[in-house]
Amino acid sequence: MILSIESSCDDSSIAITDIKSKRLIFHKKISQELQHSVYGGVVPELAARLHVEALPKILQECKGYFPKLKAIAVTNAPGLSVTLMEGVTMAKALSLSLNIPLIAVNHLKGHIYSLFIEKETVFPVTILLVSGGHTQLIEAKSLDDMKILGSTLDDSFGESFDKVAKMMNLGYPGGPIVQEKALNGDENRFDFPVPLRQSPNIEFSYSGLKNAVRLQIEKLEEDELEEKDICDICASFEKTAVAHIMQKVKKLLKKNSAFGNFAIVGGASANIRLRGEIEALCQKHKMKLFLSELKYCSDNAAMIGRVAIEQFENKDFTSIEDIDVQTRLKGF
Ligand code: KG4
Ligand code: ZN
């Protein structure tokens, strides 16, 4: 079995996965959403402190499995350096004391492998990764052959939901809150511009849309922001944010640069509107759509464990001295 640890942002999670059967034996996650909610976003130092409390608590429950462990896996990049450090420090200590190898896992590959938890892999696949830190279109042929086709130039899709929620003091994480408000709103009340509409490039941008929403809120606040205004802003914003993704995915399909398999991964892949529109597009283009189970969309250690099985089989280990944490990664 492999024990995997995830602490790249505000979720403390540990999983144990059986190498041969790929079965998830144990999986627990303690989220910090409530603690960060008052700040309207994740406060890195607070997140790190909460990992220090939560990770040992979860580990305590795994002790019975220690004699069966063959490796320790941990997310080492990309993410918040202070929070990644907590997971990596625990992983190093476990690797040393149990005398088993250490596996460093790329968090983004983790999101991709959330599709394959307790399942076989499916390649090649074109992937839309939407999270709090990333918005990317990826061409994945295998674990070691992944190419970023396009990324965001500034904010990410999930982050833009967080920021819009923060502007109206709706709480954190903004994604589910804005989605909920949008259900009761008029998506045609505000005409926000779809970003990079004219650009032929496969790239994303959310800062302009965020500013357009901010200006609209300021205008409405001259009177007072009512519940109906909030719902209408959320609906109009969500429509535009998803339209931007859809335009770029359609551009990619036009270039004939997508495989017959398409997937959406990452915390923001829980967005119902995005799922629905991508589903319709896949049907139209006769592409098979793969989605992670909702419980595995946001950050979790089960997806890290699933990647680790492959790395274990490839003997892709890292030494305790060499493992480092990285905030950003240029490619895969
Ligand atoms: O993958 P994840 O758990 O963490 C990162 O690796 O960033 O993604 C969290 C992000 C947050 O920005 C959150 O607001 C967003 O995913 N999110 C959503 C939805 N659910 C979560 N965004 C839009 N719609 C949702 N339903
Ligand atoms: Zn993530």
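This write-up is about the structure you can find in this document. (Residues numbered from 1 in each chain as written. Chains lettered and ligands numbered in written order. Predicted model: local features only at pLDDT ≥ 70, side-chain atom pairs only at ≥ 80, totals over all residues. Heavy atoms only, no water.)

### Observations concerning the coordination of the zinc ion (ligand 2)
By definition of the ideal shapes, four donors in a tetrahedron about a metal sit 109.5 degrees apart, and six donors in an octahedron sit 90 or 180 degrees apart. Ligation of the zinc ion (ligand 2) by protein atoms is provided by H107 (NE2), H111 (NE2) and D299 (OD), these donors lying 2.0 to 2.1 Å from the ion. In the primary structure, the donors to the zinc ion (ligand 2) are separated according to the pattern H-x3-H-x187-D. Taken together, the positions of H107 in helix 4 (residues 107-113) and D299 in the loop between strand 10 (288-291) and helix 10 (301-313) put the pair 192 residues apart, joining distant regions of the chain. Per residue, the accessibility class of H107 equals that of D299, and both read buried. (Donors = N, O, S within 2.8 Å, 3.2 Å for Na, K, Ca; no water. Helix = DSSP H or I, 4+ residues; strand = E, 2+ residues; numbered from the N terminus. Buried < 20%, exposed > 50% of the residue type's maximum accessible area, 1.4 Å probe, protein only.)

### A few points about the pairing of strand 9 (residues 261-265)
In terms of residue burial, strand 9 counts as a mostly covered element, since 5 of its 5 residues are buried. Burial along strand 9 is two-sided: the residues N261, A263 and V265 and F262 and I264 are all buried. Summarising the sheet, strand 6 (residues 125-130) and strand 9 pair through 4 bridges and their orientation is parallel. For L129, the partnering residue across the bridge sits in strand 9 and is V265. Here 4 bridges tie strand 9 to strand 10, and the two strands are oriented parallel to one another. Counterpart to F262 in the pairing with strand 10 is L289. (Pairing = 2+ DSSP bridges.)

### Here's the deal with the pairing of strand 6
For strand 6, the buried fraction is high: 6 of the 6 residues fall into the buried class. By the alternation rule, side chains of strand 6 split into V125, I127 and L129 and T126, L128 and V130, which are all buried. Inspection of the sheet shows strand 6 paired to strand 7 (residues 135-142) by 6 bridges, in the antiparallel sense. Opposite T126, over in strand 7, you have E139 as the bridge partner. In this structure, the hairpin formed by strand 6 and strand 7 is closed by a connection of 4 residues.

### Side note on the pattern of salt bridges
Taken as a whole, this structure holds 14 salt bridges when the rule is applied. Residue R273 pairs with E187 through a salt bridge whose shortest N-O separation is 2.8 Å. Of this pair, R273 sits in helix 9 (residues 272-284) while E187 sits in the loop between helix 6 (174-183) and helix 7 (207-221); the two residues are 86 residues apart in sequence, bridging distant segments of the chain. Looking at E187, the relative accessible area reads 28%, which means it is partly exposed. Among the salt bridges present, the one from K228 reaches D232, with a minimum N-O distance of 2.6 Å. (Salt bridge = Lys/Arg side-chain N within 4 Å of Asp/Glu carboxyl O.)

### Quick look at the sheet that holds strand 4 (residues 71-77)
If you walk across this open sheet you meet the 5 strands as 3-2-1-4-5, and the pairing is mixed. Two strands lie at the open edges of the sheet, namely strand 3 (24-31) and strand 5 (102-106), each paired on one side alone. Across this sheet, the average inter-strand angle for adjacent strands is 20 degrees, counted without regard to direction. Summarising the sheet, strand 2 (residues 11-17) and strand 3 pair through 7 bridges and their orientation is antiparallel. (Axes fitted to C-alpha atoms, helices over the stretch in contact; angles between N-to-C directions.)

### Comments concerning the site of ligand 1
Lining the immediate environment of ligand 1, one finds 21 residues, of which G132, D162, G175, G267 and N271 sit closest. Contact between ligand 1 and G132: an oxygen atom at 2.7 Å from a main-chain N or O atom of the residue. Bound to the protein, ligand 1 loses 89% of the 550 Å² it would expose on its own. Contributing elements (two or more residues each) for the shell around ligand 1: helix 4, helix 5 (157-167) and helix 6. When its residues are assigned to classes, the shell around ligand 1 shows 5 nonpolar, 13 polar and 3 charged. (Near = heavy atom within 4 Å. Polar contact = N/O pair within 3.5 Å; in protein donor to acceptor, adjacent residues only side chain to side chain. Areas by Shrake-Rupley, 256 points an atom, 1.4 Å probe, with all protein chains shown as cover. Nonpolar A, V, L, I, M, F, W, Y, C, P; charged D, E, K, R; others polar.)

These values are about where atoms sit, not about what they do.
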